[in-house]
Structure formats: structure tokens, C-alpha cells
Amino acid sequence: MSEDKAIWPPVDPIQAGLKGRCPRCGEGRLFSGFLTVGKRCMNCGLDYSYADAGDGPAVFVILIIGFIVVGLALWLEVTFAPPLWLHFLLWIPLAIMLCLTALRLIKGVLLTLQYRNKAAEGRLDRPQ
């Protein structure tokens, strides 16, 4: 990632990431698809080639959503002892919905924090 030459007002990386906005200007779109990072910001021209969240978002989603869904499933089982089919009917759709929602939000936050903290600068200089 090259040094930014233009002066941009500070952007809150958490807020920009949750909204899926450019980490430099806070206006352009970060994603071109549901989880696909765009090539560049259409507003300020920031090149998104630095963006590589790796498996970080998936790990956070597994830990956070897993804790919520398993905790609720255990509470329901101990409190009401419903049949197994009801567990499947409740927890599988809930887990899928929460995971897909959280994955985009967490990926956006990690990418904007990566830009803010200049985490990709050393990676671009190393030989592959």
C-alpha cells in the first residue's frame, strides 16, 4: 500500500467497516458483491488490493455465533426439553442467517482496521 498523498478527513474504521464503506473516505463501497471486495473506491480511488482478511472473519463468526446458538439451544433443552426436530427447525436457520450477516460485518471491520493500522504494508514488499 503506497502512502496516501491526498488529505482525507478521519474515518472511524468500525463504523465504515460495519457500513461496508471505503476506509479512506468513508463514502465509496468496500464490497462489489456480498463478500467480494471491490477493486477500488469509486469515490476516492483507493486501491483495495491491500485487502486480505484471510480466515479472520470466519474464525470470529464461528466463535461468536457458535457461542450464541449453542447457549440458546442448551437453555431451551434444559428448560423445555423440546423434540429434536424443533431444535433443527430453530437453530439451523438462525445459525445460517446470523453467520451470513456477521461474516460481512466482521470482514468489513477487519479490512478497514487493516487499512487504518497499515497492516498490509510489509506484506507487499515480501517475495511470494
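Conventions used here
- Residues numbered from 1 in each chain as written.
- Predicted model: local features only at pLDDT ≥ 70, side-chain atom pairs only at ≥ 80, totals over all residues.
- Heavy atoms only, no water.
- Patch = residues over 30% accessible without salt bridge, like charges linked within 9 Å, V, L, I, M, F, W, Y side chains within 5 Å.
- Areas by Shrake-Rupley, 256 points an atom, 1.4 Å probe, with all protein chains shown as cover.
- Salt bridge = Lys/Arg side-chain N within 4 Å of Asp/Glu carboxyl O.
- Helix = DSSP H or I, 4+ residues; strand = E, 2+ residues; numbered from the N terminus.
- UniProt positions renumbered as here; feature names shortened; annotations may be inferred.
- Disulfide = S-S within 2.5 Å.
- Expected span 1.5 Å × (residues − 1).
- Buried < 20%, exposed > 50% of the residue type's maximum accessible area, 1.4 Å probe, protein only.
- Contact = heavy atoms within 4.5 Å.

Going by the annotation in an unreviewed UniProt entry, the name recorded for the protein chain is DUF983 domain-containing protein, with Mesorhizobium hungaricum given as the source organism.

**Student:** For this particular structure, what's the right way to read a nonpolar patch on the surface?
**Tutor:** Together, V59, F60, L63, I64, F67, I68 and L72 give the surface a local cluster of nonpolar side chains, amounting to about 670 Å² of exposed area. Following the sequence through the fold, L72 ends up in helix α2 (residues 56–80).

**Student:** It is not clear to me how the UniProt feature "transmembrane region" (unreviewed entry) in the protein chain should be interpreted in this structure. Could you clarify?
**Tutor:** According to UniProt, the positions carrying the feature "transmembrane region" (unreviewed entry) are residues 58–78 and 84–106. For the annotated span residues 58–78, helix accounts for 100% and strand for 0% of the residues, and the straight-line distance between the end C-alpha atoms is 29 Å. Helix makes up 100% of residues 84–106 and strand 0%, whereas the separation of the span's terminal C-alpha atoms amounts to 31 Å.

**Student:** What should I look at first to understand the state of the cysteines in this one?
**Tutor:** Put plainly, two cysteines are in a disulfide when a covalent bond ties their sulfur atoms together. Under the counting rule described, the total for this entry stands at 0 disulfides. C25 provides the cysteine sulfur closest to C41, a residue in no disulfide bond, and the two sulfurs are 3.7 Å apart. For C44, which is in no disulfide, the shortest distance to another cysteine sulfur is to C22 and amounts to 3.7 Å.

**Student:** When you look at unusual backbone geometry in this model, what are you seeing that I'm missing?
**Tutor:** Most of the time, phi is negative for any residue but glycine, and the peptide bond is trans. Positioned with a positive phi, A81 is a non-glycine residue whose angle comes to about 50°. Residue placement: A81 occurs in the loop between α2 and α3 (84–116). Of note, the phi angle at K118 is positive, near 55°, even though the residue is not glycine.

**Student:** Even after reading the chapter, I still don't get α3, so can you show me in this structure?
**Tutor:** Within an α-helix, residues lying three or four positions from one another point in the same direction, as the helix has 3.6 residues per turn. Here α3 is 33 residues long and its end C-alpha atoms lie 46 Å apart, about the 48 Å a rise of 1.5 Å per residue gives. Among all positions of α3, only H87, W91, A102, I106, K107, G108, V109, L111, T112, Q114 and Y115 are buried. Lining the buried residues of α3 we find α1 (13–19) and α2. In the stretch just after α3, K118 is the one whose phi turns positive, near 55°.

**Student:** It is not clear to me how the environment of I106 should be interpreted in this structure. Could you clarify?
**Tutor:** Topologically, I106 is positioned in helix α3. Non-local contacts of I106, meaning those with residues more than four positions away in its chain, are made with P57, F60, V61 and I64.

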